[in-house]
Amino acid sequence: MLVEMNALTAFKQSAFTPALLTTLENCSEESVYAPGYIQPYGILLVLQPDLKILQISENVEQFWGISAAALVGQSLQRLFSRTQVKRIAQFLQQDNLELCNPFELKARIKAFSPERAEPKVKTQTFRSILHRTENSLILELEPQFPADSSDSIQFYHRLQATVLSLRSAASLSNLAQTLATQVKEMTGFDRVMIYRFEADDHGVVIAEEKENHLESFLGLHFPAIDVPAPARRLFLRNWVRQIPDVHYSPVALIAADGCSVETPTDLRDCVLRGVSPYHIEYLQNMGVAGTFTISLINDQRLWGLIACHHYSPKQIDYQTRKTCEFIGQFASIELVHQQERELEGYRTQVQTIQDKLQQAFLREPNFIQQVLTRNAADLLNLVRAEGVAIALDQKILLIGQTPPLEAVQNLLTWLPQLNQPEIYLTNCLVRPYPPARAFTQTASGILAISIVLHQKSYHLVWFRPEQIQTVNWAGNPQDAVKIDESGEPQLCPRQSFDLWKETVQETSLPWQSVEIEAARMMRSTLMLALLEFSQSALEQAAERAAIANRAKSHFLAKMSHELRTPLNAILGFAQMMNRSTSTPPEFQEHLGIINRSGEHLLTLINDVLEMSRIEAGQLILTEKIFNLHQLLRSLHEMFALKASEKGLTFSLEKDQSVPHYVCSDEAKVRQILINLISNAIKFTTQGSVTIQVRTKPAETSKPSCTCYPNTSSPCRALTLAFEVEDTGCGIHSSDWESIFEAFMQTEQGRYAQGTGLGLSISRQFARLLGGDITVQSTVNQGSTFTCHILLHCPDIVDLVESETANLVIGLEPGQPTYRILVAEDVPENWQLLKALLEPVGFEVRTAENGEEAIAQWQSWHPHLILMDIQMPGMDGHEATRQIRAQETSEQRQPIPIIALTAYAFETDRTASLQAGCNEHIAKPFTESTVFEAIARHLGVHYRYKDEPQTPSRSIRKTLAPQDFEAMPIEWINQIHEAALDLDDEKLHQLIAQIPDNELLLVESMTSLVNNFQLEAIASLTQG
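Basis of the calculations
- Residues numbered from 1 in each chain as written.
- Predicted model: local features only at pLDDT ≥ 70, side-chain atom pairs only at ≥ 80, totals over all residues.
- Heavy atoms only, no water.
- Pairing = 2+ DSSP bridges.
- Helix = DSSP H or I, 4+ residues; strand = E, 2+ residues; numbered from the N terminus.
- Axes fitted to C-alpha atoms, helices over the stretch in contact; angles between N-to-C directions.
- Contact = heavy atoms within 4.5 Å.
- Buried < 20%, exposed > 50% of the residue type's maximum accessible area, 1.4 Å probe, protein only.
- Right-handed = clockwise from strand over helix to strand, strands pointing away.
- Phe/Tyr/Trp six-rings, centres within 6.5 Å; stacked < 30°, edge-to-face > 60°.
- Lys NZ or Arg CZ within 6 Å of the ring centre and 35° of its normal.
- Salt bridge = Lys/Arg side-chain N within 4 Å of Asp/Glu carboxyl O.

(A) Looking closely at the sheet that holds strand β14 (residues 387-392). Ordered in space as β15-β14-β18-β17-β16, the 5 strands form an open sheet in which the pairing is antiparallel. Both edges of this open sheet fall to β15 (395-400) and β16 (423-426), since each of them pairs with a single strand only. Averaged over all adjacent pairs, the angle separating strand axes in this sheet is 10°, with direction ignored. Bridging between β14 and strand β18 (residues 456-464) involves 6 bridges; their strand directions are antiparallel. Across the sheet, V388 pairs through a bridge with W462, a residue of β18. Helix α13 (residues 405-414) contacts β14, β15, β16, β17 (445-453) and β18 of the sheet and is inclined by roughly 120° relative to β15.

(B) Fine view of the environment of A904. As for its position among the elements, A904 is in the loop between β34 (897-901) and α23 (906-915). What makes A904 buried here is its relative accessible area of 12%. Taking the C-alpha atoms as reference points, A904 and K923, separated by 19 residues in sequence, lie 7.5 Å from one another.

(C) Region of the structure containing the pairing of strand β31 (residues 819-823). In terms of burial, β31 is largely enclosed, as 4 of its 5 residues are buried. The pairing of β31 with strand β32 (residues 843-847) spans 5 bridges and is parallel. Among the inter-strand pairings, L821 is bridged to a residue of β32, identified as R845. Handedness of the crossover joining β31 and β32 through helix α20 (residues 827-837): right-handed. In the sheet, β31 pairs with strand β33 (residues 864-867) via 4 bridges, with the strands oriented parallel. If you follow I820 over to β33, its bridge partner there is L864.

(D) A look at the packing of aromatic side chains. This model, assessed by the stated rule, comprises 16 aromatic pairs. Between W64 and F80, the ring centres sit 5.6 Å apart and the planes meet at 85°, which makes this aromatic pair edge-to-face. Of the two residues, W64 sits in helix α3 (residues 61-64) while F80 sits in the loop between α4 (68-71) and α5 (82-91), which places them 16 residues apart along the sequence. The two residues W64 and F80 agree in class, both being buried. These aromatic residues form a ring-pair network of at least three members: Y818, F842, F931, Y942 and Y944. The ring of F765 has K668 sitting right over it, with the charged end atom 5.4 Å from the ring centre.

(E) Quick peek at the pattern of salt bridges. Summed over all chains, the structure comprises 19 salt bridges. The shortest N-O distance in the salt bridge between K184 and E211 comes to 2.6 Å. Placement of K184 in helix α7 (residues 172-187) and of E211 in the loop between β8 (203-210) and β9 (221-222) is noted, with a sequence separation of 27 residues between them. Judged by relative accessible area, K184 falls into the buried class, the value being 13%. Residue E211 is classed as partly exposed on the basis of its relative accessible area of 30%. For R196, the salt bridge is made with E198, and the minimal N-O distance between the two is 2.9 Å. Since its relative accessible area comes to 25%, R196 is described here as partly exposed.

(F) Here's a closer look at the environment of A391. Structurally, A391 is set in strand β14. Considered as a pair, A391 and S457 are 66 residues apart in the sequence and their alpha carbons are 8.1 Å apart. Setting aside residues up to four positions removed in sequence, A391 forms contacts with I396, L412, S457, Y458 and H459.

Laid out in structure tokens, this is it:
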């Protein structure tokens, strides 16, 4: 019967979707692996490890005259002699039973004859095979007849002839035909076919040897469902499979009480295993009475089958089966070799093209598209395509027969959605991508390679046009599935194997494995070229980045130095004026404003420098033991006045578990708390700010601290938690993470002064300390910032608290007059140091450059040098190095040299220490810092002024929106705009317009401006 059908309008093999096939094949799995019965040409026993019989095939009675039910539970010695059973027990000592199989067992059995009333007892030899299962043993017994013992020399010569014939085959088709001929001659079956599985698991007969009167199956295709997945897995597991008579009567396995087994035993490794009814019916429909199948396996994959059919029952002996098994194994190797030989020529061509492209890429790594374009013909020949699209980072070039550019762009948008990043291929693009129906004449099949590198995509897509072809099926594949009464599909053995033709459209020639391999090689070649190109680009980018970073670092260092130098003089003289008894009281507040303004500017400078260190990965921990309670007290005192000026309740709550002394980086802990508390007060106009501190044992391991390097583990690891809770404006949940990014601020934050770096730096510090900072907030209700850090609590504390907390007014009596040399080129700075040190009792001289400093050191012999770094002529580093060199050569006692400089980077500190300085102090500095450093290096003892209690300042009235009722609306709007613009000059002008009788409003507004609380003004005056 000839049937012509269009593949798009009628059923075709692809109608068997993978999901449907899997479902149907799984339904047949038990009948394939564990049918519950065997074929009748042998006996099967299921044994316990002690060789007692658990199950036995019902046909045992035909041989021994004992019913199967009577043997269940008995020892194997009921059937075989003690010696033989003992031998089997010895086999069980082997890990691999294949080393023992097969073996012979002899038994005295009863031969029944119609002529005799009593059965005749005779000796029967069984060829035996032993298998292990999960919980038991399986023993297969196959009666051996005299005809089985053929001449082994004859088999050897037959096998040798077959091997020589296979090895002399000139091509794959010739090899397959030789294989079919030799197996037919050896086994005597009516038909022997070489059946190859295609990529989609359907089969095709590529060679055949048959009796003349039989219709040929050569070239016919068989749907994948004809050999279901469970059967394919068995063929991959077992090299041979025999069904001597498809019309056999199944022999049941009997368990206790003479009943059939409820849960069938897995017989997948048994040669006697029963046959699935589906397969029996399938063979009967073909008119086949006996079969023998040999597997062809290529690299753990079922390549095909040698299918032997006989049209009457046929059983072949064990030796022939083993010979055929060897032939199948040898043929599997030869098939692979033959395929390799046939593909070698194509591979040579492909390699030539690859080498040519590689050389071109090496010569021109920056011109990948040009290289591919010049070698367009080779690029197409590489995979036998008609067209190719080259897409390199959004640039698309089309070569040969391709779809239009817009269609290719859409296709390249679709490809990444398949999640197949390396290679994708199909010879029927319309199935996964219906829009391809518009260009089947140029691209019914595609083979695409993709590379994603540094977030850029590169693709090569080869196209093959539609190839209308006719597939000859052995019967209609649709007949393999039928719909049952409930409307569900189920497997159905096909009734007809007449020629059935299918016309396939919208499909290209299939991509062969060697072409796919060539595409993979091309991908590797292209990858190397792209890596070379990217490496070159990265090196250029890295060089540009390095230049930019050096310029940035130089700029930051320069700007930091230029800003810190005058700021040092501003803050230093302000401190001196503030401590002077001759400063009029009315100037004290002005000096406070100068100090606060300078400290604010210094904070901005430090924030920028810290972010620069973070970006450069230069943050380091400087751990030491410090008084945590003292740190918390000082911070509370620092912010108490600012909070009270805003009318806020400010409290510190410490849990009893918080230790006095801890080991960590005090400066970074202090900076974190300053940022969090400062923000809380800044963004809270009424209510409270509360700090809660608690500790608990660390849940994660923390390396031992460096405070006690000579002891093993003197510290306990703790988790320290700070919670800073306010009743301020709150933060929207969408901003909870963005506020920790550098230079990012909330809407409210943009009204306040600052860089937007504080929280980013604080989180980096917290993470460096083994913790993190998180936030919970509700808009218009408040925020809670929680900081966790890991630290150590020392068991032993050996600390000397700072003695310079109070104001230094002189040296203790009985000490020598210490000479201090100040090397500084900026007059304001050396004047500041002279004004600071001489009243205390130090003798001070100055030098304006390095040469002068060396000369003063040689002639005046100072006790200590305060060395600036940047000076005209010889700088401080070189001057220090020369002093250290002369000290060594003259064997003089080293003089303490303290670098006192506006260079504040970590690299600057390291450079100063490497040059020979004993310490590095960054400008601007506090007077206590200088006095403490001098005391450390000279052992100086000071006299201190008894600090009187600071008189409590009157707390100005907390402003509310109704306090502005006396002022015009236009004035209020101008105040609001000036606060948003951070224009303090404009604000002072507007404050001057407040009537004299509104004195409290004038003082309160002036205080808010002077203390940088512009966000509070903006909040109070918003409409």
